[in-house]
Amino acid sequence: MPSLYAGLDPKFYTDEWKLCEGLGTEVCRSKLEAHRATFFTEAHTALLARNGVTHFRLPIPYWMVMSQAELDARGEPYAAGGWEHVIDAVKWAKKYGIVILLDLHCAPGAQNPWDNSGRANNMTWGTGDTIARTLVVIDRISQRIAALDADPTTAGVVVALELINEVWSFAVQGGLNTVKDYYLQGYDVARKHLPVDRYWIVIEQAFSGDWVGFMPAPKYQNVILDMHIYQCFDPYFFGMSYAQHLKQANENTKASINSQTLPVVLGEWSAAYTANPYTDPYPNTTDGRAFVKEFVAAQMTASESDPKGKGWFFWNFRTESSWAWDFNLGLAQQWVTPPNSRPGGVKKLVEVMYAPGSIHTTGSTGSTGSTGSTRSTGSTGTTEVEQNPMQ
């Protein structure tokens, strides 16, 4: 979040790696703890539940399940820990009847070149022992999920694990095949602790639509493909009229989802549609505001389309500045129709995403859809609201 960087040199402090490197691990930890204590709270959980949100997606970084000694030995300046905030979120979710998908949002070596991987412009995931380390992280997270289910105060809440977020497959050594091989290994590691009849395994599209026939049953079961589709990062979208943006959502997004063989969740999207998605103001015309509401609804509907569409996640549940990425603001300004007030009710489920270790330099995450278009930056994770396929 921008407030985490207040008073700091923006040329140096570009991500969580730099924040902890520049301030020192303990000062960084103190700043992050202050952020975590206020950015997402029980009150936010209650508000979202009242509006029909039934799932949370919680992006977490790999250093959350590592010790400080392990990080220090590798020269990685992150402040280890923070799992207690996941436990808080799980307890709040249980209280309000919400279930959770945990998402590994930042992997060892940084899986893409943006700040949402933890370290911008220094992607090395796929080289050396980074994949092996990521599999260890998946094993640790899976064990912790199983432990949550063994505790009556947190049982029955975490229902899915996403193996990694947004690998920039074009730059990975071995390309998309490396990502696919990691998913096969990650599935086996997770399933040692997360039985198929109780948990979903989620794989993210890695900026590719080439997933037809991947991970077929019966060997692979209860697997979901997470697609991230935005209309604000590729110049292709910049000159579109309101009608063209709606057509893109109503036809192209729906077609992209239903071309897949796995069930699909629209795992990230937003109300942004302009070339300056974080800074352009909310429309001040009647037509513009009507479009935003229709645009949001169209993307929700497309993500729910049969036969493969299982729901959506909106990025983000709130921000400090960027209106088009703020679900709660959308509820207040009425360009988001509460999921429990949509025509016909909620088709499936709705989610929110919370990253206990998150920083957001821009106000929200960017992503692409199946077009493979370029993307913008985000952070090590933030909250996100989505409609999800967990039933």
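Since the structure is predicted, the reported quantities are computational estimates derived from the model, not experimental observations. (Residues numbered from 1 in each chain as written. Predicted model: local features only at pLDDT ≥ 70, side-chain atom pairs only at ≥ 80, totals over all residues. Heavy atoms only, no water.)

A closer look at the packing of aromatic side chains
Next, step 1: Enumeration according to the criterion identifies 36 aromatic pairs in this entry.
Next, step 2: Considering the side-chain rings of Trp-323 and Trp-335, the 5.4 Å spacing of their centres and the 90° angle between planes classify their relative orientation as edge-to-face. Remark: Trp-335 occurs in the loop between helix H10 (327-333) and strand E8 (351-353) and Trp-323 occurs in the loop between strand E7 (309-314) and H10; sequence separation between them is 12 residues. Both residues of the pair, Trp-323 and Trp-335, count as buried.
Next, step 3: By the ring-pair criterion, three or more aromatic residues cluster together here, those being Trp-269, Tyr-282, Trp-312, Phe-314, Trp-323, Phe-327 and Trp-335.
Next, step 4: Over the ring of Trp-83 we find Arg-144; its NZ or CZ atom is 5.2 Å from the centre of that ring. (Phe/Tyr/Trp six-rings, centres within 6.5 Å; stacked < 30°, edge-to-face > 60°. Helix = DSSP H or I, 4+ residues; strand = E, 2+ residues; numbered from the N terminus. Buried < 20%, exposed > 50% of the residue type's maximum accessible area, 1.4 Å probe, protein only. Lys NZ or Arg CZ within 6 Å of the ring centre and 35° of its normal.)

Points about the state of the cysteines
Next, step 1: One pass over the structure, following the stated rule, counts 1 disulfide.
Next, step 2: A disulfide bridge connects Cys-20 with Cys-28, and the sulfur atoms are separated by 2.2 Å. Linking Cys-20 and Cys-28, the disulfide has an S-S dihedral of approximately -55° and is accordingly described as left-handed. Comparing Cys-20 with Cys-28 shows no difference in burial state: the two are buried. (Disulfide = S-S within 2.5 Å.)

What to know about unusual backbone geometry
Across the chain, the bulk of peptide bonds are trans and the bulk of non-glycine residues have phi less than zero.
Next, step 1: Here Ala-217 and Pro-218 are connected by a cis peptide whose omega angle stands at 10°.
Next, step 2: A cis amide bond links Asp-306 with the next residue in sequence, Pro-307, at an omega value of 5°.
Next, step 3: Here Pro-307 is to be found in the loop between helix H9 (286-303) and E7.
Next, step 4: Although it is not a glycine, Phe-207 sits at a positive phi angle of roughly 60°.
Next, step 5: Tracing the backbone through its elements, the reader meets Phe-207 in the loop between strand E4 (200-204) and strand E5 (223-228).

Some points on the pairing of E4
Next, step 1: Most of E4 sits out of view: 5 of its 5 residues are buried.
Next, step 2: Burial along E4 is two-sided: Trp-200, Val-202 and Glu-204 and Ile-201 and Ile-203, pointing in opposite directions, are all buried.
Next, step 3: As for the winding sense of the linkage, the β-α-β connection from strand E3 (residues 158-162) through helix H7 (residues 176-191) to E4 is right-handed.
Next, step 4: Two strands pair when backbone bridges link them, and E4 and E5 are joined in this way by 4 bridges, in the parallel orientation. Note on E5: the bridge partner recorded for Glu-204 is Asp-226. (Right-handed = clockwise from strand over helix to strand, strands pointing away. Pairing = 2+ DSSP bridges.)

Brief notes about the nonpolar core
Next, step 1: Of all hydrophobic cores here, the largest spans 95 residues; its most connected members are Leu-102, Tyr-182, Tyr-183 and Ile-203.
Next, step 2: In contact with Tyr-182, other than residues within four places in its own chain, are Leu-104, Trp-125, Ile-131, Thr-134, Leu-135, Ile-138, Leu-163 and Ile-164.
Next, step 3: Counting 9 residues, the second-largest nonpolar core is a separate cluster that includes Val-99, Leu-101, Val-202 and Ile-224. (Core = buried A, V, L, I, M, F, W, Y, C linked by side-chain atoms within 4.5 Å. Contact = heavy atoms within 4.5 Å.)

Quick look at the pattern of salt bridges
Next, step 1: A complete count under the given rule lists 15 salt bridges for this structure.
Next, step 2: For Lys-18, the salt bridge is made with Glu-21, and the minimal N-O distance between the two is 3.4 Å. Linking Lys-18 with Glu-21, this pair stays in helix H1 (residues 16-23), spanning 3 residues, or about one helical turn.
Next, step 3: A cluster of three or more residues bridged by salt bridges with shared partners is formed by Arg-57, Asp-103, Glu-162, Asp-226 and Glu-268. (Salt bridge = Lys/Arg side-chain N within 4 Å of Asp/Glu carboxyl O.)

Some details on the confidence of the model for the protein
Detailed reading of the predicted coordinates is not advisable wherever pLDDT is low.
Next, step 1: Per-residue confidence for the protein averages 88 on the pLDDT scale, and 87% of its residues sit at or above 70.
Next, step 2: Confidence drops under pLDDT 50 across residues 345-383; counting only partners more than four residues distant or on other chains, this segment forms 225 contacts.
Next, step 3: With pLDDT under 50 throughout, residues 385-391 is counted as low confidence; its partners more than four residues away or in other chains account for 65 contacts. (pLDDT = per-residue confidence, 0-100.)

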